[in-house]
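Descriptive structure summary
Okay, here's what each chain looks like letter by letter:
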Amino acid sequence: MDIQYLLWLQELRNATGGIFNEFFNALSKIAVDVLPFLPFFIFWCVDKKWGYRYLVTFGLGNMANGIIKLTACAYRPWIRSDLIEPAGDSKVAATGYSFPSGHTTEATSVYGTTIAWQYKKRKWLAVLCGVLLALTGFSRNFLGVHTPQDVIVGFSATLIIILIVGFVQPKIDGDDRKLDILSIAGVLGVIATIIYILVKPYPMDYVDGVLLVDPNKMMNDTFKACGAFTGLLAGSFVERHFIRYEIPTGAKNLPILGFVGFMIVFSWKEYLAPATLVQAFGGHWGHFIARFIMWFFVVALWPLVIKKFADRK
């Protein structure tokens, strides 16, 4: 049934001459290229508590996605059926395991948390995020890179995390002892995740002597998620116990400081880290260290810079 649905969408793409391809491709790219930076800016410049909520949800969502992905080891639709021809360069860009959808996971983390934050304050924004979330999930089907179940599970698993974080945060907010205990539990969870993905067996299917999916490459995204979440936990500990960051509301240069922080993080993620740490330490630990540094910078180091240089006058 899932393949038949994708074939129907494929016929629709072909019948319309692919005029919607770029639109849905853009929605997908926003989910993974733009949205991940929004929680950083919110944490620095808008609302610290909600910034933490975004970061925790995003970090846990990506870790959960990696665990499920590397457990199910489900192949992409075009591997399951020769009739599936994804749009554009998707066969190159969307490689590896299919279930659940990483784009949907990241979109749900940010759009879903925004809905939880704004549905009482700015209903129009919550509705807009709901529409964008639905379109992003649909885009993964329309482009032929994910099945409906990939999208549904990516959305559902992240929604559960949003609800859990929303339930737990008010109960532990301001209690450093409970937060430290949860941080230790989080580190243990990261260690368990890394051990699990390294020791579990993976399918090693070959076609014409070529391995369909290399599990070593597929682990990279989960190492990124583990590194980011560990950086968040370490940065949170430092921030809560030593920096005690408060957003300098009203500081005229706060938007500039936020933009500079974004440019530093963007440059590190896209250019500097791949050319340095990933080259030096390889795909697994290079990505882990790079994302650890990036998220520690976001939560601890850049707030210290803002605290020092914000113009409160």
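Residues numbered from 1 in each chain as written. Predicted model: local features only at pLDDT ≥ 70, side-chain atom pairs only at ≥ 80, totals over all residues. Heavy atoms only, no water.

**Considerations on a nonpolar patch on the surface**
Side chains of Ile184, Val187, Leu188, Ile191, Ile195, Leu198 and Val199 sit close together on the surface and give an oily, nonpolar patch of about 650 Å² of accessible area. Looking at Val199, the relative accessible area reads 62%, which means it is exposed. (Patch = residues over 30% accessible without salt bridge, like charges linked within 9 Å, V, L, I, M, F, W, Y side chains within 5 Å. Areas by Shrake-Rupley, 256 points an atom, 1.4 Å probe, with all protein chains shown as cover. Salt bridge = Lys/Arg side-chain N within 4 Å of Asp/Glu carboxyl O. Buried < 20%, exposed > 50% of the residue type's maximum accessible area, 1.4 Å probe, protein only.)

**Quick word on the side chain of Asn141**
Structurally, Asn141 is set in helix H8 (residues 123-142). Ignoring anything within four residues of it in the chain, the contact list for Asn141 reads Tyr5, Leu6, Leu9, His146, Thr147, Pro148 and Val151. (Helix = DSSP H or I, 4+ residues; strand = E, 2+ residues; numbered from the N terminus. Contact = heavy atoms within 4.5 Å.)

**Considering the nonpolar core**
Membership of the largest hydrophobic core comes to 60 residues, with the highest contact counts inside it found for Phe40, Trp44, Tyr97, Val265, Trp295 and Ile306. Counting residues per element, the ones that place at least two in this core are helix H3 (38-46), helix H4 (48-72), helix H7 (102-118), H8, helix H10 (176-199), helix H11 (215-243), helix H12 (254-275) and helix H13 (277-309). Of the residues forming this core, the biggest block, 12 residues, is contributed by H13. Excluding anything up to four places from it in sequence, Val265 contacts Phe37, Phe40, Trp44, Met294, Phe297 and Val298. Counting residues in each nonpolar core, the second largest holds 12 residues, with Ile3, Leu6, Leu9 and Phe24 among its members. (Core = buried A, V, L, I, M, F, W, Y, C linked by side-chain atoms within 4.5 Å.)

**Structural notes on the packing of H10 against H11**
One way to put it is that H10 packs onto H11 with a least axis distance of 10 Å and a crossing angle of 165°. In this view, H10 runs roughly antiparallel relative to H11, as classed from their interaxial angle. Of the two elements, H10 crosses H11, and the hand of that crossing is left-handed. Taken together, the residues of H11 that come into contact with H10 (itself represented by Asp176, Leu179, Asp180, Ser183, Gly186, Val187, Val190, Thr193, Ile194, Ile197 and Leu198) are Met219, Thr222, Phe223, Cys226, Phe229, Thr230, Leu233, Phe237, Arg240 and His241. Of the residues that constitute the contact of H10 with H11, the class distribution is 12 nonpolar, 6 polar and 3 charged. (Axes fitted to C-alpha atoms, helices over the stretch in contact; angles between N-to-C directions. Parallel < 35°, antiparallel > 145°, perpendicular 65-115°, else oblique. Left-handed = near helix turned anticlockwise from the far one by under 90°. Nonpolar A, V, L, I, M, F, W, Y, C, P; charged D, E, K, R; others polar.)

**Comments concerning H8**
Taking 1.5 Å per residue, 20 residues should reach 28 Å; H8 reaches 28 Å between its end C-alpha atoms and fits that length. When we look at burial in H8, the residues that qualify are Ala126, Cys129, Leu133, Thr136, Gly137, Ser139, Arg140, Asn141 and Phe142. For H8, the secondary structure elements touched by its buried residues are helix H1 (2-15), helix H2 (21-33), H7 and helix H9 (148-172). Trailing H8 by a residue or two, Gly144 shows a phi angle of about 80°, which is positive. (Expected span 1.5 Å × (residues − 1).)

**Digging into the environment of Leu12**
Along the polypeptide, Leu12 turns up in helix H1. Note on Leu12: relative accessible area 35%, which makes it partly exposed. For the pair Leu12 and Ser139, spaced 127 residues apart in the sequence, the C-alpha separation amounts to 13 Å.

**Observations concerning the environment of Thr113**
Note on placement: Thr113 falls in helix H7. Thr113 gets classed as buried once you look at its relative accessible area, which sits at 1%. Between the alpha carbons of Thr113 and Val299 there is a distance of 18 Å; along the sequence they are 186 residues apart. Leave out the neighbours within four places in its chain, and Thr113 touches Trp50, Arg53, Tyr54, Thr57, Thr108 and Ile162.

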